[in-house]
Amino acid sequence: FASVAPSRPTTFLGGVTQKGLRRFTEAQSAAFDRALREIKGGKKATCWMWFVVPTPPFVVDGAERGSFLNRKFALRSDEEARAFLSFQDKGICLRENYLEILRAIRDQLLAGRSATALLGGKDAPKLASS
């Protein structure tokens, strides 16, 4: 029998793996179109901010204090943020989606809608930290 080496995840940019970034494409596959419609309609109504507009971890006094979703989708390094912006899987390009949602948010803000009115009081600060 021929020996087969175990498959190893593709690693790039400071140890970030494709497998780790798939958490974003898997979540976006079901939610991105709806998220974009909500923003273009002027009001975010469902939970998608964590994986469409990710943020660093929420840290207080050196300890991570974020929610389950913050911990799951936080970008923990500059390398992971760069990898996020270059990752594509199963037809989903994280960079294109990120830029598309930010353009839609920008358009709403330029039209006079506040970040809080558009995203809600809990998600407006996430926009600022993204």
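Residues numbered from 1 in each chain as written. Predicted model: local features only at pLDDT ≥ 70, side-chain atom pairs only at ≥ 80, totals over all residues. Heavy atoms only, no water.

A. Representation of the environment of Val53 within the structure. With respect to the helices and strands, the residue Val53 is situated in the loop between α2 (49-52) and β3 (59-60). Overall, the relative accessible area of 1% leaves Val53 in the buried class. In contact with Val53, not counting residues within four places along its chain, are Trp48, Tyr98, Ile101 and Ser130. (Helix = DSSP H or I, 4+ residues; strand = E, 2+ residues; numbered from the N terminus. Buried < 20%, exposed > 50% of the residue type's maximum accessible area, 1.4 Å probe, protein only. Contact = heavy atoms within 4.5 Å.)

B. Main features of unusual backbone geometry. Notably, Asp61 is not glycine yet its phi reads approximately 50°, a positive angle. One non-glycine residue, Lys90, lies in positive phi territory at about 50°. Positionally, Lys90 belongs in the loop between β5 (88-89) and β6 (92-93).

C. Up close: the nonpolar core. Membership of the largest hydrophobic core comes to 29 residues, with the highest contact counts inside it found for Phe24, Ile39, Trp48, Phe51 and Ile101. Looking at this core, the elements that each hand over two or more residues are α1 (18-41), α2, α4 (78-86), α5 (94-110) and α6 (115-119). Sorting elements by how many residues they give to this core places α1 first, with eight residues. Each residue touching Phe51, except ones within four places of it in the same chain, is listed here: Phe24, Ala27, Gln28, Ala31, Phe73 and Phe84. (Core = buried A, V, L, I, M, F, W, Y, C linked by side-chain atoms within 4.5 Å.)

D. Structural context of α1. Taking 1.5 Å of rise per residue, 24 residues should cover 34 Å, and α1 covers 33 Å from first to last C-alpha, within 8% of that figure. Residues of α1 that are buried include every one of Leu21, Arg23, Phe24, Thr25, Ala27, Gln28, Ala31, Phe32, Ala35, Leu36, Glu38 and Ile39, and no others. Downstream of α1 by a residue or two, Gly42 has a phi angle that is positive, lying close to 100°. (Expected span 1.5 Å × (residues − 1).)

E. Region of interest: the confidence of the model for the protein. On average, residues of the protein carry a pLDDT of 90, and 88% of them reach 70 or more. Counted against residues more than four places away or in other chains, residues 1-8, with its pLDDT under 50, gives zero contacts. (pLDDT = per-residue confidence, 0-100.)

F. Representation of the packing of aromatic side chains. One pass over the structure, following the stated rule, counts four aromatic pairs. On the basis of an interplanar angle of 55° and a centroid distance of 5.3 Å, the ring pair of Phe51 and Phe73 is categorised as tilted. With Phe51 in helix α2 and Phe73 in helix α3 (residues 68-73), this residue pair connects regions lying 22 residues apart in the sequence. Judged by relative accessible area, Phe51 falls into the buried class, the value being 9%. Ring-pair connections join several aromatic residues into one group, and the members of that group are Phe24, Phe51, Phe73, Phe84 and Tyr98. The ring of Trp48 has Lys44 sitting right over it, with the charged end atom 5.3 Å from the ring centre. Here the guanidinium or amino end of Lys126 rests over the ring plane of Trp50, the centre of that ring lying 3.7 Å away. (Phe/Tyr/Trp six-rings, centres within 6.5 Å; stacked < 30°, edge-to-face > 60°. Lys NZ or Arg CZ within 6 Å of the ring centre and 35° of its normal.)

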